[in-house]
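# Observations on the model geometry
One-letter residues, chain by chain:
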Amino acid sequence: QVQLVESGGGLVQAGGSLRLSCAASGRTFSNYAMGWFRQAPGKEREFVAAIRRSGVSTLYADSVKGRLTISRDNAKNTVYLQMNSLKPEDTAVYYCAADSSWPRVLSSRVRYWGQGTQVTVSS
């Protein structure tokens with residue numbers, strides 16, 4: 001089992017920044033690809049970003065490219081999501097995810113989920 005705990009959400013004005021963190025425990029962190037998803041009210045959960053085990057390769061949803069950056073620190077068992085130039089449409093609950101499979105970490109079939117952290121962007 002992998003336990004994931006997100007933090008760093010909050011209320012920010014449009015154009016502002018937030019940094020989300022996700023602390024992992026339970027298994028060897030570097031064995032897992034990590035991802036971030038989000039779910040806005042009344043919408044389905046959607047993929048935001050993912051990073052491979054080594055951190056060398058990343059992938060982003062088109063809607064966040066150039067504004068959000070995923071990174072990881074395998075020594076600290078933590079993955080981050082730096083969020084810049086935030087827009088009201090970024091308002092959602094953000095979920096951290098982990099899977100040993102790269103294709104699965106890009107989809108809703110990912111094996112492990114955090115409990116989510118709320119991000120609200122005011123206009």
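Up top is the structure these notes are about.
First, a word on scope: everything that follows refers to the structure included in this document. Residue indices begin from 1 for each chain and proceed along its sequence in written order. Only residues with pLDDT of at least 70 get local features here, since the model is predicted, and only at 80 or more are side-chain atom pairs given and counted; chain-wide, interface and lining totals rely on the full set of residues. Calculation of side-chain values draws on the structure's entire complement of heavy atoms; hydrogens and water are dropped beforehand.

### Overview of the packing of aromatic side chains
Note on aromatic pairs: the rings of Phe, Tyr and Trp (six-membered ring only in Trp) are paired at centre separations within 6.5 Å, and the planes decide the class, stacked below 30 degrees, edge-to-face beyond 60, tilted for the rest. This model, assessed by the stated rule, comprises four aromatic pairs. When the centroid spacing of 5.7 Å and the interplanar angle of 80° are considered together, the rings of phenylalanine 37 and phenylalanine 47 count as edge-to-face. Highlighted residues: phenylalanine 37 in strand 4 (residues 33–39) and phenylalanine 47 in strand 5 (residues 46–51), separated in sequence by ten residues. Throughout this description, buried means an accessible area under 20% of the type-specific maximum (1.4 Å probe, protein chains only), exposed means over 50%, and partly exposed covers the range between. The exposure class assigned to phenylalanine 47 is buried, which follows from its relative accessible area of 18%. Only runs of H or I of at least four residues qualify as helices and only runs of E of at least two qualify as strands under DSSP, and these elements are numbered from the N terminus.

### Some thoughts on the pattern of salt bridges
Each salt bridge in this description consists of a side-chain nitrogen of Lys or Arg and a carboxyl oxygen of Asp or Glu lying within 4 Å of one another. For the coordinates displayed, the defined rule picks out five salt bridges. Two residues, aspartate 62 and lysine 65, come together in a salt bridge whose shortest N-O distance is 3.1 Å. The same class applies to aspartate 62 as to lysine 65, namely exposed. Members of the salt-bridge network, linked through shared partners, are Arg38, Glu46, Arg67 and Asp90.

### Description of the sheet that holds strand 3 (residues 18–25)
Strand pairing follows a simple DSSP-based rule, namely that at least 2 bridges must link the two strands. The sheet built from four strands is open, its strands ordered 1-3-8-7 with antiparallel pairing. If you trace the sheet from one side to the other, it starts and ends with strand 1 (3–7) and strand 7 (68–73), each paired once. Mean inter-strand twist for the sheet, computed between neighbouring axes without regard to direction, equals 15°. Between the N-to-C directions of two axes lies an angle of 0 to 180 degrees, each axis being a line fitted to C-alpha atoms and, for a helix, fitted only over the stretch in contact.

### Digging into unusual backbone geometry
Of note, asparagine 77 is a non-glycine position whose phi angle comes to about 55°, a positive value. A residue is classified by how much of its surface remains accessible, and asparagine 77, at 28% relative accessible area, is partly exposed. One non-glycine residue, serine 85, lies in positive phi territory at about 50°. Its place among the elements puts serine 85 in the loop between strand 8 (78–83) and strand 9 (92–99).

### A word on the state of the cysteines
By convention in this document, the label disulfide applies to cysteine sulfur atom pairs within 2.5 Å. In this structure the tally under the stated criterion is one disulfide. Each sulfur in the disulfide pair cysteine 22 and cysteine 96 lies 2.1 Å from the other. Taking the torsion about the sulfur-sulfur bond, which here is approximately -80°, the covalent link between cysteine 22 and cysteine 96 counts as left-handed. Linking cysteine 22 in strand 3 with cysteine 96 in strand 9, this pair joins segments that are 74 residues apart in sequence. A relative accessible area of 0% places cysteine 22 in the buried class. Residue cysteine 96 is classed as buried on the basis of its relative accessible area of 0%.

### Re the side chain of glutamate 6
Examined against the element boundaries, glutamate 6 turns out to sit in strand 1. The term polar contact refers here to a pair of N or O atoms within 3.5 Å; inside protein, the definition further demands a hydrogen-donor-capable atom paired with an acceptor-capable atom, and it admits residues adjacent in sequence only when both atoms are side-chain atoms. In terms of polar contacts, glutamate 6 uses its side chain to reach the backbone amide nitrogen of glutamine 115, at 3.0 Å. At 3.0 Å, the side chain of glutamate 6 forms a polar contact with the backbone nitrogen of glycine 116. Beyond its immediate chain neighbours, meaning those up to four positions away, glutamate 6 contacts Ser21, Cys22, Trp36, Tyr94, Tyr95, Cys96, Gly114, Gln115, Gly116 and Thr117. Between two residues, a contact is recorded if the distance between any of their heavy atoms is within 4.5 Å.

### Some details on the nonpolar core
We call a set of buried residues a nonpolar core when its members are Ala, Val, Leu, Ile, Met, Phe, Trp, Tyr or Cys and they connect through side-chain atoms within 4.5 Å of each other. Ranked by size, the top nonpolar core spans 39 residues in total, and within it Leu4, Met34, Trp36, Val79, Leu81 and Tyr94 carry the most contacts. Within the residue set of this core, elements represented by two or more residues are strand 3, strand 4, strand 5, strand 7, strand 8, strand 9, helix 1 (102–105) and strand 11 (117–122).

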